[in-house]
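# Commentary on secondary and tertiary structure
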Amino acid sequence: MMRWLTAILLLFANCIYAQHKQATISGKIVDEEDKPISGVSVTILGKQRGVISSDSGTFTIHVPAHQTISLIFTHTNYLSQQRNYYLNTNEQEYTHISLNHGKGQLAEVVIKNDPSRKEPGMITINPKLSHAIPSTTGGVEALIKTLVGSNNELTSQYNVRGGNYDENLVYINDFEVYRPYLISSGQQEGLSLINPELARKVNFYTGGFQSRYGDKMSSVLDIEYKKPVAFGGSAYTSLLEQGIHIEGVGFKNKLSFLIGARNKSNRNLLSSQPTVGAYLPAASDIQGQITYTLNNNWQIDLLGIYAVSRFTFNPESVKKTTSVFSPYFTANLGLDIYFEGQERDRYNTLLGGITIHQRINKNLAFKWIASRFSDREQEYFDIGAAYLFGNRDFDRQSSTFGEIINPMGAGYYQDYARNKLDIDVWSVAHKGFFEAGNHSVQWGVNWEQSTISDQLKQWQYRDSAGYSLPVQTDDNFNLYYNAHSAIRLNINKYSGYLQDSWRLRNKKSDFNITGGVRANYNDLNEEWLISPRIQMLYKPNKKQNIIYKAAAGLYQQPPFYRELRDYNGNVHTNIRAQKSMQAVIGFDYAFTGANDKPMRFTTEAYYKNMWNVIPYDIDNVKIRYLNNFTAKAYATGVEFRLYGELLKDAESWISLGFMRTRENLDNDFYYNYYNAAGELITSNSSDKIAADSTKINVGYVRRPSDRLITAGLFLQDYLTTNKNFRIYLNIIYGSNMPFNIPNSTKYRNGLTINPYIRADIGMSVLLLKERTKRRSHDPFRALESAWFSLEIFNIINRENTISYQLIRDFSNYTYAIPNRLTPRLVNFKLLTRF
């Protein structure tokens, strides 16, 4: 009897002990957009009891240890998911669950919840794709270029619908940021101020944007950084860039923090360029955001960004080549340049801002915003160059292969600069939001003070075949170009807006109209600007997947630093704002493609009528305004885009645009002179005595950003049997563009840059299996994922042209030698998330 009792007691004790052999599984549940899902049921397979996810999507559940268990995640609006686990006693497992909407509701959710369908010209970009797209610059801007085109892979800047770089607005958390002003080539650029690892939402507007956005004429890039709800982070490294970010919460989830640091060096990329020399680029930044929630009505956001960029360059030599085809002769022309000297550039950027969110009630909310933006730039160079120009020998059997065998010109030039620029922008703003019935009202006022201190000292000396080519004289030294000035400006700008979004809905249709007005005044030129704008959306109930869009308004851009300077460095403070009237129409069609994959097709046609435009020339990325002229201009075109997934979770798109933009400079004319024989007088005429002349009015010419065709493709793909190996393709095509002879009226469209064609490919492999399938002693158990990528830039090895260098021969003829961009290059990248 005692033996049986002892056995029963031991069995009962073992059962009790086994019940205490437990482990813990916790995690976060999100949807396809990484938004937390509340109310998800988390149960153990075969058990009745479980837990429910919180409002932040988090959950914690205790499970038996030393046995295989399955957790079932269910929600009425999402597809159920099962995860298997095997844990040791007291082991704690953290998991990240992503649920997809149910099949029957997928198409409807995509159509209704996609925010880019709500406004004309609006494109929503997933910032996570910035690490997927193979690109030399990376970041959000690389994704934008596939939508609007590009002609330079070394810069993060972009042109939108015939505008230039200075016509693009960029906001981070409602704070406007600016790009460096003294940069003259893409190789000098450092990091973009936008850190995609910190971004939660990226909205890009190609035109027709609302009154709440500022006073520029082309586009808006609106970035909102994340507000974390749990601890996490990422780290990545490549041959071009490295970075890390950490996010988390504290003080009972009242405080959240977000910190990111990056470092970039384009040395490997720049060293592949035609110009041989010592490239020492270095750029780094640190960004941080802290959010503290006082209560349900008050919240404080702090944002800080500090970025440093250095560029040192000791050029040695370059060999440039171009082919000339004409009815008279064909030749392979070469230009050999041998340098001496150095370039040293520095760019420091600081942004600090605070936003106080105040919610009065569920219908009324305020924002109180204050910020300071600081920009410190320094451009120093002193580079001399001796050159030889002529026919290059391309006969591989010849002993002079690659050398210039028939000299046509020779000379020496020297570029010198000691330029400094300091810009400080202080800003205080208030924004309000009010909803009542079918109306949503927004308003805002802003005061901004800009202090600009600029010291410009730059000159160029040219000596062609022993003859100095002077334009100006400085201390008895003949200079081809000479700019020397110093200014200090204080500009106060006052702006405000008021807009109302009104929704009318009945059984037959759904109609949204947003009307608003924007006002701007600055005390530099004492100009008032009033800009009314309107947007309309129409969705027939019978065709829920089609939305028709239209927008129109006045878009005016007051001058800032760059528009005030002319070619010779003089500052003109009486420059008036550039003005445009814009109209946009289009439609958005969402549908289900093959294998029930969501697809969208959008198209927009636009027209811009512009006046009081300041014409400009552009060389690489440096914009020089001709502010002694004004012009009338227009831009018109149509854009088509198709978004979709070839395979699940593999977002791709293709973009195609057609555009024409022209300008007519006021009083742009020149004279043709004829000698007594009636022959046109040129630099090589024997008789240069003018007997007659004809006035030629130039009329409309192509603007520097004119490009008839723009196409872009971003493609993701993977094996249906193995999602852990992915391929990414980035293709950009742009037809030819004009290149203006600097400071010339007669030859404003004197040259043409050949079409830009660029193809980059990336291949990524997942190094770690799902965290739930790793053992507890796995050293990488804390990592959520790790991807290794191989990228090949410019896979077709095309020599794209960015600009031209003008060279004179012994007979005083001028030749244009193209400046090429980067050849094929390989990059490696490792990205981990935790």
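Below, the structure is looked at part by part. No experiment lies behind these values; they were computed from the predicted model shown.

Of regular secondary structure, the chain possesses 5 helices and 46 strands. Against the 2.2 N^0.38 benchmark of 28 Å for 834 residues, the chain shows a C-alpha radius of gyration of 31 Å, consistent with a compact globule. Expressed as lengths along the three principal axes of its C-alpha atoms, the size of the chain is roughly 135 × 70 × 50 Å. A burial count over the chain gives 52% of its 834 residues as buried. In the chain, the proportion of contacts linking residues at least 24 apart, taken out of those at least 6 apart, comes to 67%.

This part is about the nonpolar core. Nonpolar side chains tend toward joint burial in soluble globular proteins. Core analysis: the biggest nonpolar cluster contains 61 residues, and Phe204 and Leu221 have the highest contact counts within it. The biggest single contributor to this core is helix H3 (residues 139–148), with 6 residues. Not counting the four nearest positions on each side in its chain, leucine 221 is found in contact with Val140, Ile144, Tyr158, Leu169, Val170, Tyr171, Ile194, Val202, Asn203 and Phe204. By size, the runner-up hydrophobic cluster in this structure holds 19 residues, among which are Ile44, Phe59, Val63 and Leu71.

Strand order in this open sheet of 4 strands is S3-S2-S5-S6, and the pairing throughout is antiparallel. For this open sheet the edge positions go to strand S3 (50–52) and strand S6 (78–86), each flanked by a neighbour on one side alone. Each strand axis lies, on average, 20° off the axis of its neighbour in the sheet, ignoring direction. The pairing of strand S2 (residues 41–44) with strand S5 (residues 68–75) spans 4 bridges and is antiparallel. In the strand pairing of S5, serine 41 is matched with threonine 74.

Strands sit in the order S4-S1-S7 across an open sheet of 3 strands; the sheet is mixed. In this open sheet, the two strands that pair with only one neighbour each are strand S4 (58–64) and strand S7 (92–98). Pairs of neighbouring strands in the sheet enclose a mean axial angle of 25°, with direction left out of account. Across 7 bridges, the pairing between strand S1 (residues 22–30) and S7 is parallel. When the sheet's bridge partners are listed, valine 30 is paired in S7 with serine 98.

With respect to the helices and strands, serine 531 occurs in strand S27 (residues 527–540). The buried category is assigned to serine 531, whose relative accessible area is 1%. Sequence separation of serine 531 and valine 517 is 14 residues, and the distance between their C-alpha atoms is 5.5 Å. Setting aside anything within four residues of it in sequence, one finds serine 531 in contact with Ser211, Gly516, Val517, Arg518, Leu554 and Gln556. A distance of 2.9 Å separates the side chain of serine 531 from the side chain of glutamine 556, its partner in a polar contact.

Right, let's talk about a nonpolar patch on the surface for a bit. Residues Leu239, Leu719, Phe725, Ile727, Val765, Leu767, Phe788, Val826, Phe828 and Leu830 make up a contiguous nonpolar surface patch of about 770 Å² in total accessible area. At the level of elements, strand S39 (722–734) and strand S46 (825–833) are the ones that each hand at least two residues to the nonpolar patch. The element best represented in the nonpolar patch is S46, accounting for 3 residues. For phenylalanine 788, the position within the fold is in strand S43 (residues 785–793).

Attention now moves to H3. Within H3, 10 of the 10 residues are buried, which leaves the element mostly enclosed by the surrounding structure. One or two steps after H3, the chain reaches glycine 149, where phi turns positive at roughly 95°.

Turning next to the pattern of salt bridges. Oppositely charged side chains can form a pair if their charged atoms are brought close together. Counting across every chain of the model gives 36 salt bridges. For the salt bridge of glutamate 153 with arginine 758, the shortest nitrogen-to-oxygen distance reads 3.2 Å. With glutamate 153 in the loop between H3 and strand S9 (168–172) and arginine 758 in strand S42 (residues 756–766), this residue pair connects regions lying 605 residues apart in the sequence. The buried category is assigned to arginine 758, whose relative accessible area is 3%. Across the pair arginine 372 and aspartate 424 runs a salt bridge whose closest N-O atoms are separated by 2.9 Å. With a gap of 52 residues between them, arginine 372 in strand S19 (residues 364–392) and aspartate 424 in strand S20 (residues 404–436) connect regions that are remote in the sequence.

The geometry of an aromatic ring pair is captured by the separation of the ring centres together with the interplanar angle, meaning the angle of the planes. Following the criterion strictly, the structure yields 32 aromatic pairs and no others. With centroids separated by 5.0 Å and ring planes inclined at 45°, the aromatic side chains of tryptophan 653 and phenylalanine 714 adopt a geometry described as tilted. Placement of the pair is tryptophan 653 in strand S34 (residues 651–665) and phenylalanine 714 in strand S38 (residues 709–719), with a sequence separation of 61 residues. In this pair, the class of tryptophan 653 matches that of phenylalanine 714, namely buried. Each member of the aromatic cluster is reached from another via a ring pair, and the members are Tyr171, Tyr205, Phe209, Tyr213 and Tyr555. Looking at arginine 462, its charged tip hangs above the ring of tyrosine 480, at a distance of 3.9 Å from the centre. Cation over ring: lysine 695 sits above phenylalanine 669, and NZ or CZ is 4.2 Å from the ring centre.

Before going further, it helps to spend a moment on the pairing of strand S15 (residues 255–264). Of the two faces of S15, only the one carrying Ser256, Leu258, Gly260, Arg262 and Lys264 is buried; Leu255, Phe257, Ile259, Ala261 and Asn263 on the other face are not. Remark: 4 residues form the turn of the hairpin made by strand S14 (residues 241–250) and S15, two consecutive strands paired antiparallel; phenylalanine 251 in that turn has positive phi of roughly 50°. Looking at chain direction, S15 and strand S16 (residues 276–293) are connected through 10 bridges and run antiparallel. Within the sheet, the bridge partner assigned to leucine 258 lies in S16 and is glutamine 289.

Definitions and limits used
Residues numbered from 1 in each chain as written. Predicted model: local features only at pLDDT ≥ 70, side-chain atom pairs only at ≥ 80, totals over all residues. Heavy atoms only, no water. Helix = DSSP H or I, 4+ residues; strand = E, 2+ residues; numbered from the N terminus. Rg over C-alpha atoms; globule rule 2.2 N^0.38 Å. Buried < 20%, exposed > 50% of the residue type's maximum accessible area, 1.4 Å probe, protein only. Contact = heavy atoms within 4.5 Å. Core = buried A, V, L, I, M, F, W, Y, C linked by side-chain atoms within 4.5 Å. Pairing = 2+ DSSP bridges. Axes fitted to C-alpha atoms, helices over the stretch in contact; angles between N-to-C directions. Polar contact = N/O pair within 3.5 Å; in protein donor to acceptor, adjacent residues only side chain to side chain. Patch = residues over 30% accessible without salt bridge, like charges linked within 9 Å, V, L, I, M, F, W, Y side chains within 5 Å. Areas by Shrake-Rupley, 256 points an atom, 1.4 Å probe, with all protein chains shown as cover. Salt bridge = Lys/Arg side-chain N within 4 Å of Asp/Glu carboxyl O. Phe/Tyr/Trp six-rings, centres within 6.5 Å; stacked < 30°, edge-to-face > 60°. Lys NZ or Arg CZ within 6 Å of the ring centre and 35° of its normal.

This is a description of form; function is not addressed.
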